[in-house]
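# Structural description and commentary
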Amino acid sequence: MILSALTRARESGRKLLAVLIDPDKATRAKLKTLGEHSHSGFVDFFLWGGSLVNQPQSEYYLRLLKAHAEVPVLLFPGSVYQLDDQADGLLLLSLISGRNPELLIGHHVTVAGRIKQMKLATFPTGYMLVDGGRPTSVSYMSGTTPIPGDKPAIAAATALAGEQLGLRMIYLDAGSGALRPVSPEMIAAVRKEVDLPLVVGGGIRSPERARQALQAGADMIVVGNGLEGNLDWLPRLSAEVSSFGRESVGLKR
Ligand code: 1GP
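Below, the structure is looked at part by part. Keep in mind the model is a prediction, meaning the values are calculated, not measured. (Residues numbered from 1 in each chain as written. Predicted model: local features only at pLDDT ≥ 70, side-chain atom pairs only at ≥ 80, totals over all residues.)

## A few points about the environment of Ser-183
- In this fold, Ser-183 is placed in the loop between strand 6 (169-173) and helix 7 (184-193).
- Of the residues examined, Ser-183 has 20 C-beta atoms within 10 Å and is grouped as buried.
- Expressed as a C-alpha distance, the spacing of Ser-183 and Ala-18, which sit 165 residues apart in the sequence, is 19 Å. (Helix = DSSP H or I, 4+ residues; strand = E, 2+ residues; numbered from the N terminus. Buried ≥ 20, exposed ≤ 12 C-beta atoms within 10 Å, placed from the backbone.)

Right, here's the structure in full:
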């Protein structure tokens, strides 16, 4: 569903917005407000996941989000413990910027049967961590070195290898709370090299950064930290994303 939405968006010149919710930072009020924003068409997808999930009420909070949201909620798991069949699908991440075999194939083998039992829709994603100016939770937790932010050719070659391996989308991520988002040059280099839907996130905290990523070739941006404690910014952000094309692709906006 996310793949067809991204493809339709690209064909019609539209761009999409996903909001990342860290279950450990969720509150009832925030989930309700975010869910309602999806009724207004401000959000195309919710991503659900984090580096650590200590929140004992995580399943309950996901149920709450599902009850309020009018758009799909996709798992963006920080670990194999974050599977939940209440979600509408799973970004099946292969960390192709890194050289940690567990995150390229090992964990996938561990949970393959579980994913099948759960009947979770899977979206095979080439996940690429890019240096965003400071160590992030993902680089530390994954034990991988991000692609240097000023090496667009390495990013493009990595994405191309992911496409050749049969992955269905590319997610360029500077990591949650990155000081610098993925550069427009790197986004453009990846966009030029591969045909796959391109998702970009990490450090997008202003409409300007959103616009730069979208202009450079991102099909969808992901925003998490930038909305923490400041959900009022969401309509402005959404307007920025919508300014790239208003033709409907069958989602809510
Ligand atoms: C992180 O791309 C997401 O995986 C979102 O990053 O929290 O910095 O918006 P931010």
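Having seen it, we continue.
## Brief notes about the sheet that holds strand 1 (residues 16-21)
- Taken together, the 8 strands give a closed barrel; going around it, the order is 1-2-3-4-5-6-7-8, and neighbouring strands pair in parallel fashion. Strand-to-strand twist in this sheet, taken as the mean axis angle between neighbours without regard to direction, amounts to 30°.
- Across 3 bridges, the pairing between strand 7 (residues 198-201) and strand 8 (residues 220-223) is parallel. Note on strand 8: the bridge partner recorded for Val-199 is Met-220.
- Against the sheet, helix 9 (residues 234-242) engages strand 1 and strand 8, with an angle of about 145° to strand 1. (Pairing = 2+ DSSP bridges. Axes fitted to C-alpha atoms, helices over the stretch in contact; angles between N-to-C directions. Contact = placed C-beta atoms within 7 Å.)

## So, the site of the ligand
- Neighbouring residues of the ligand: 14 residues in total, closest Ser-176, Gly-201, Val-222, Gly-224 and Asn-225.
- Residues belonging to the shell around the ligand are distributed by class as follows: 5 nonpolar, 8 polar and 1 charged. (Near = placed C-beta within 6 Å. Nonpolar A, V, L, I, M, F, W, Y, C, P; charged D, E, K, R; others polar.)

## With respect to helix 8 (residues 207-216)
- Residues of helix 8 that are buried: Arg-209, Ala-210, Ala-213 and Leu-214. End-on, the buried residues of helix 8 take up no more than an arc of 130°, which puts them together on one face.
- Contacts from the buried residues of helix 8 go to helix 7, strand 7, strand 8 and helix 9.
- Directly beyond the C-terminal end of helix 8, a positive phi value near 130° is found at Gly-217. (Arc of directions from axis to C-beta.)

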